Amino acid sequence: MQVRDLSRRVFLEKVGAASLAAAASVLPGRAIAAAPETLEARPGTARLAPKEYQPTPIWGYDGGVPGPTIRVNQGARVDRRFLNSLPQPSTVHWHGVRIDNAMDGVPELTQAAVAPQATFDYAFAAPDAGTYWYHPHNRTWEQLARGLYGALIVEERDAPDVDRDEILLIDDWRLTEKAEIAENLGAMHDWSHGGRIGNWITVNGDGFWTSTARRNERLRLRLVNVANARIFSLSLAGLDGWVVALDGQPLETPQRAGRMVLAPAQRVDLIVDVTGETEASIVSHERNGSYAVATFKLEESSAARRPEPAAPLSPNPVTPIGPLNTARRADLLMEGGAMGGMMGAMMGGRSMDMRGLVQQGKVWAFNGRADMSDQPLVSAALGETVRIRIENRTGWPHAMHLHGHHFRKVLEDGTLGAWRDTTLMQPEESFEIAFVADNPGNWLLHCHMVEHSASGMMTWIRVS
Ligand code: C2O
Ligand code: CU
């Protein structure tokens, strides 16, 4: 892929800010019977790469990358008729929403996958304000890689005072020299290593996302890592501000935004003041250098900077963690992957060696199982506090995600970390997470490096 090597600056001079993808979708007029709006997964094209390349064939919601932004007020309902116009079954998962279980979009566990040309009506309330997103949960390693994702924004009742609210969905594509999606989806080498890492980074489907801003403006930036597997390490240039929420949940005390690590599926909400002279940007620090992934061209302004720091956002109605000493406990051992030394695991009720597992497309295991067990990892009573000790006995980082709940890390000193729905684990790292099982149903717990979950890193919990 040569695209990566083009100078972003040269490209910006050529194209300027005019390259914003026209993502707006035309919604059909409301029918008398008030049928829900349709959200259609279908093939389309997107201008991911510079204009000397052909538009890239993608799969997108309503045919675009990203899909339409869904915005609702806190507590309001989301109603969408999902229409699957893909050549394979799909579902929609509303990532991070503490949702009604039947609407969680997990094939086999919460619904049957939606066949090509079929529909499924998603209807649920969004209890928490914040930044969420939606994506398929069937063959996610393929469907997400092809561009199926969009933002779900739940507005605070008392939204912070900002001049602008900007959603930045950061993706990592593996493109060929013709700027087509490399068709080596499902490559076992990726699955057994860090997942499908790409060679072309976009923000909102644009390799050179650019906007304008005025000095001293205050912006809310909602960063979402929608990549299959890439962990982003981000910083700000010409912008100065605070992290106010992680994975949708407000921090009690906003923290100065320094280096921000964003694992797949994680979000960070920032409130920043524009302090740069001519340009401000979000910088991604990668192995081979640092790149601006989103740039604001700055214009003069006479406005004064707002007082610091940004005020905290109002908390969401998440159930506080109960006493830890009487909590229900479970252990989750993560094994496998390249150089992990795993000898084998259970699969389909029998013990298999690595060779047998690889033939089944499995290279990782949770508690010695490479497939989803009929039995949950934990069966919790409604309202019970649960703590799960997760041990990453692999040579790879993983982004562990729990459906239907937010959890907190139990820190060394017994205090609790920030509320999250996805947490990054370093190789060989272990820690405990705690949450209150207050949402009835069957909920997945899996690695959000989507190649890893497909190849063994998936389990579930039951709340009843
Ligand atoms: Cu964002 Cu199980 O998914
Ligand atoms: Cu993983």
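### Focus on the overall build of the protein
(1) Moving on: In terms of regular secondary structure, the protein is built from five helices and 32 strands.
(2) Moving on: Its C-alpha atoms give the protein a radius of gyration of 22 Å, near enough to 23 Å, the size a compact globule of 464 residues would have.
(3) Moving on: Within the protein, the fraction of its 464 residues that count as buried is 59%.
(4) Moving on: Surface accessibility of the protein: about 18,500 Å² in total, with carbon and sulfur atoms responsible for 50%.
(5) Moving on: In the protein, 46 positive and 54 negative side-chain charges are present, and the distance between their average locations comes to 2 Å.

### A look at the layout of surface pockets
(1) Moving on: Roughly 550 Å³ of internal volume is contained in the largest pocket.
(2) Moving on: At the level of elements, strand 13 (232–237) and strand 18 (279–286) are the ones that each hand at least two residues to the lining of the largest pocket.
(3) Moving on: Of the residues belonging to the lining of the largest pocket, the class tally is seven nonpolar, eight polar and four charged.
(4) Moving on: In this structure, the lining of the largest pocket is formed jointly by two domains, domain 2 (164–299) and domain 3 (324–463), each of which donates at least three residues.
(5) Moving on: Considered as a void within the structure, the second largest pocket measures approximately 470 Å³ in volume.
(6) Moving on: Considering the residues around the second largest pocket, the lining is formed by 27 residues, among which Lys-362, Met-372, Ser-453, Ala-454 and Met-458 are closest to the centre.
(7) Moving on: Elements with a contribution of two residues or more to the lining of the second largest pocket: helix 2 (140–143), strand 31 (441–447) and helix 5 (450–454).
(8) Moving on: Sorting elements by how many residues they give to the lining of the second largest pocket places helix 5 first, with three residues.
(9) Moving on: For the lining of the second largest pocket, the residue count by class is 13 nonpolar, ten polar and four charged.

### Here we look at the domain arrangement of the protein
When the parts of a complex come together, some accessible area is lost, and that lost area is often used as the size of the interface.
(1) Moving on: When its domains are assigned, the protein resolves into domain 1 (8–155), domain 2 (164–299) and domain 3 (324–463).
(2) Moving on: Its C-alpha centre places domain 2 at a distance of 27 Å from the equivalent point of domain 3.
(3) Moving on: On the side of domain 3, 24 residues touch domain 2, which itself brings 20 residues to the contact.
(4) Moving on: The junction of domain 2 with domain 3 conceals about 1,900 Å² of combined surface from both sides, 61% of it contributed by carbon and sulfur atoms.
(5) Moving on: Its largest share of buried area at the contact with domain 3, domain 2 owes to Met-188, Trp-191 and His-193, together 27% of the area lost on that side.
(6) Moving on: Remark: the boundary between domain 2 and domain 3 carries two salt bridges.
(7) Moving on: A salt bridge links Arg-420 to Asp-247; the shortest N-O distance between them is 3.0 Å.

### Looking at empty space enclosed by the protein
(1) Moving on: Enumeration according to the criterion identifies one cavity of 30 Å³ or more in this entry.
(2) Moving on: Roughly 40 Å³ of internal volume is contained in the largest cavity.
(3) Moving on: Every residue lining the largest cavity is listed: Arg-98, Val-318, Thr-319, His-405, His-406, Trp-419, Val-436 and Asp-438.
(4) Moving on: Classifying every residue of the lining of the largest cavity gives three nonpolar, three polar and two charged.

### Examining the confidence of the model for the protein
Predicted coordinates in areas of low pLDDT are best not read in detail.
(1) Moving on: Predicted confidence across the protein gives a mean pLDDT of 93, with 93% of residues reaching 70 or more.
(2) Moving on: Per-residue pLDDT stays below 50 along residues 1–31; that stretch engages in 47 contacts with residues further than four places along the chain or on separate chains.

### Topic: the coordination of the copper ion (ligand 2)
(1) Moving on: In this structure, His-398 (ND1), Cys-447 (SG) and His-452 (ND1) serve as the protein donors to the copper ion (ligand 2), at separations of 2.0 to 2.1 Å.
(2) Moving on: Along the chain, the residues that donate to the copper ion (ligand 2) are spaced as H-x48-C-x4-H.
(3) Moving on: By relative accessible area, Cys-447 is classed as buried at 0%.

### With respect to the side chain of Thr-422
(1) Moving on: Looking at the secondary structure, you find Thr-422 in strand 29 (residues 422–425).
(2) Moving on: Side chain to side chain, Thr-422 and Asp-421 meet in a polar contact 2.7 Å long.
(3) Moving on: With near-sequence residues (within four places) excluded, Thr-422 lies in contact with His-95, Asp-247, Pro-264, Ala-265, Gln-266, Ala-399, Met-400, His-401 and Phe-407.

### Digging into the sheet that holds strand 27 (residues 407–410)
(1) Moving on: A sheet is described by the order of its strands in space; here six strands give the open sequence 23-20-25-30-27-28, paired in mixed fashion. Edge positions in the sheet fall to strand 23 (364–366) and strand 28 (416–420), since each has one partner strand and no second. Across this sheet, the average inter-strand angle for adjacent strands is 25°, counted without regard to direction.
(2) Moving on: Relative to strand 30 (residues 430–437), strand 25 (residues 384–392) runs antiparallel, the two being bridged by eight bridges. Each bridged residue has a counterpart across the sheet, and for Arg-387 the counterpart in strand 30 is Ala-434.

### Observations concerning the nonpolar core
(1) Moving on: Counting residues in hydrophobic clusters, the biggest one holds 83 residues, and the most contacted among them are Trp-94, Leu-152, Trp-173 and Ile-388.
(2) Moving on: Non-local contacts of Leu-152, meaning those with residues more than four positions away in its chain, are made with Ile-70, Val-78, Trp-94, Val-97, Phe-124, Gly-130, Thr-131, Tyr-132, Trp-133 and Tyr-134.
(3) Moving on: One finds Leu-223, Leu-236, Val-293 and Ala-294 within the second-largest nonpolar core, a separate group that totals 29 residues.

### Quick word on the packing of aromatic side chains
(1) Moving on: This model, assessed by the stated rule, comprises nine aromatic pairs.
(2) Moving on: Here Trp-94 and Tyr-122 contribute two aromatic rings whose centre-to-centre distance is 5.6 Å and whose plane-to-plane angle is 70°, an arrangement assigned as edge-to-face. A residue pair is termed long-range when its members are at least 10 positions apart, and Trp-94 in strand 5 (residues 93–95) and Tyr-122 in strand 6 (residues 119–125) qualify at 28 residues. The two residues Trp-94 and Tyr-122 agree in class, both being buried.
(3) Moving on: Through a chain of ring-to-ring contacts, the aromatic side chains of Tyr-61, Phe-82, Trp-94, Phe-120, Tyr-122, Phe-124 and Tyr-134 assemble into a single cluster.
(4) Moving on: Sitting over the ring of Trp-59, Arg-146 keeps its end group 4.8 Å from the ring centre.
(5) Moving on: The residue whose ring lies beneath Lys-409 is Phe-431, and the NZ or CZ to ring-centre distance is 4.3 Å.

### A look at the pattern of salt bridges
(1) Moving on: Taken as a whole and assessed by the stated rule, the structure comprises 37 salt bridges.
(2) Moving on: A salt bridge links Glu-183 to Arg-146, with the nearest nitrogen and oxygen atoms 2.9 Å apart. With a gap of 37 residues between them, Glu-183 in the loop between strand 9 (164–173) and helix 3 (188–192) and Arg-146 in the loop between helix 2 and strand 8 (150–155) connect regions that are remote in the sequence.
(3) Moving on: Relative accessible area serves as the criterion here: at 55%, Glu-183 is assigned to the exposed category.
(4) Moving on: Classification of Arg-146 by relative accessible area gives buried; the value is 10%.
(5) Moving on: What you see here is one network of salt bridges that share partners, running through Arg-71, Glu-155, Glu-156, Asp-165, Arg-220, Arg-222 and Asp-269.

Conventions and cut-offs
- Residues numbered from 1 in each chain as written.
- Chains lettered and ligands numbered in written order.
- Predicted model: local features only at pLDDT ≥ 70, side-chain atom pairs only at ≥ 80, totals over all residues.
- Heavy atoms only, no water.
- Helix = DSSP H or I, 4+ residues; strand = E, 2+ residues; numbered from the N terminus.
- Rg over C-alpha atoms; globule rule 2.2 N^0.38 Å.
- Buried < 20%, exposed > 50% of the residue type's maximum accessible area, 1.4 Å probe, protein only.
- Areas by Shrake-Rupley, 256 points an atom, 1.4 Å probe, with all protein chains shown as cover.
- Lys, Arg positive; Asp, Glu negative; His and termini not counted.
- Charge placed at Lys NZ, Arg CZ, Asp CG, Glu CD.
- 1 Å grid on protein atoms, 1.4 Å probe; cavity = no way out; pocket = protein on both sides within 12 Å on 5 of 7 lines; lining within 4 Å.
- Points joined across faces, edges and corners; volume = space filled by probe spheres on them.
- Nonpolar A, V, L, I, M, F, W, Y, C, P; charged D, E, K, R; others polar.
- Domains from an automatic or database assignment.
- Contact = heavy atoms within 4.5 Å.
- Buried area = accessible area lost by both parts, 1.4 Å probe.
- Salt bridge = Lys/Arg side-chain N within 4 Å of Asp/Glu carboxyl O.
- pLDDT = per-residue confidence, 0-100.
- Donors = N, O, S within 2.8 Å, 3.2 Å for Na, K, Ca; no water.
- Polar contact = N/O pair within 3.5 Å; in protein donor to acceptor, adjacent residues only side chain to side chain.
- Pairing = 2+ DSSP bridges.
- Axes fitted to C-alpha atoms, helices over the stretch in contact; angles between N-to-C directions.
- Core = buried A, V, L, I, M, F, W, Y, C linked by side-chain atoms within 4.5 Å.
- Phe/Tyr/Trp six-rings, centres within 6.5 Å; stacked < 30°, edge-to-face > 60°.
- Lys NZ or Arg CZ within 6 Å of the ring centre and 35° of its normal.

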